[in-house]
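# A closer look at the structure
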Amino acid sequence: VNARAIITTGGYAGNSTADRAIAHGLGVIPKFVFILQVFDYNIWFVGFYNVAYIYAPAVPSFFGITIPDTTSFHVGNAGSYPNSANVTGKSYQWVTIG
């Protein structure tokens, strides 16, 4: 098997909206998304098993979001923007692996 991982990186400014789409540029559905809050060093993982969620280890808790597709992953759950990686005034960096 000649399997190669595709990796993309980027960043975005939080805007406290639910289910915000972040373009990832992989061209395939990501297998893994890692998000880091700049300067505060909070981390999140986006996971998917027929549903999608952001896992906030600091809480620890899961927050539902839309399942990623070949163009974007999603952040921001209306129940808690600070714990779902999309709060206004914060900057985020991400890595996707597909």
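Refer to the preceding data block for the structure.
These remarks concern the structure in this document.

Conventions we followed
- Residues numbered from 1 in each chain as written.
- Predicted model: local features only at pLDDT ≥ 70, side-chain atom pairs only at ≥ 80, totals over all residues.
- Heavy atoms only, no water.
- Helix = DSSP H or I, 4+ residues; strand = E, 2+ residues; numbered from the N terminus.
- Buried < 20%, exposed > 50% of the residue type's maximum accessible area, 1.4 Å probe, protein only.
- Polar contact = N/O pair within 3.5 Å; in protein donor to acceptor, adjacent residues only side chain to side chain.
- Contact = heavy atoms within 4.5 Å.
- Phe/Tyr/Trp six-rings, centres within 6.5 Å; stacked < 30°, edge-to-face > 60°.
- Salt bridge = Lys/Arg side-chain N within 4 Å of Asp/Glu carboxyl O.
- Pairing = 2+ DSSP bridges.

### Digging into the side chain of Thr 8
Position of Thr 8 relative to the elements: it lies in strand β1 (residues 7-13). Residue Thr 8 is classed as buried on the basis of its relative accessible area, which comes to 15%. A distance of 2.4 Å separates a polar atom in the side chain of Thr 8 from a polar atom in the side chain of Thr 96. Setting aside residues no more than four positions away along its own chain, Thr 8 makes contact with His 24, Gly 25, Leu 26, Trp 94, Val 95 and Thr 96.

### Here we look at the packing of aromatic side chains
Scanning all chains against the criterion turns up seven aromatic pairs. Ring centres of Phe 34 and Phe 45 lie 5.7 Å apart, and the angle between their planes is 50 degrees; on these two criteria the pair is classed as tilted. Here the residue Phe 34 occupies a position in strand β3 (residues 32-37), and Phe 45 occupies one in strand β4 (residues 43-48), the gap between them amounting to eleven residues.

### Examining unusual backbone geometry
Outside of glycine, negative phi angles account for most residues, and trans bonds account for most peptide bonds. Residue Ser 16 is not a glycine yet carries a positive backbone phi of 50 degrees. With respect to the helices and strands, Ser 16 occurs in the loop between β1 and β2 (20-23). At Phe 39, a residue that is not glycine, the phi angle is positive and equals roughly 75 degrees. Note that Phe 39 resides in the loop between β3 and β4.

### A word on the pattern of salt bridges
Tallied over the full model, the rule gives one salt bridge. Across the pair Asp 40 and Lys 90 runs a salt bridge, and its minimum N-O distance is 2.8 Å. In this pair, Asp 40 sits in the loop between β3 and β4 while Lys 90 sits in the loop between β7 (72-75) and β8 (91-97), placing the two residues 50 residues apart along the sequence.

### A look at the environment of Ile 35
Following the sequence through the fold, Ile 35 ends up in strand β3. According to the relative accessible area criterion, Ile 35 is buried, its value standing at 0%. For the pair Ile 35 and Thr 70, spaced 35 residues apart in sequence, the C-alpha separation works out to 18 Å.

### Some remarks on the pairing of β3
Burial of the side chains of β3 is restricted to one face: Val 33, Ile 35 and Gln 37 are buried, whereas none of Phe 32, Phe 34 and Leu 36 on the reverse face is. Two strands pair when backbone bridges link them, and β3 and β8 are joined in this way by six bridges, in the antiparallel orientation. Among the inter-strand pairings, Phe 32 is bridged to a residue of β8, identified as Ile 97.

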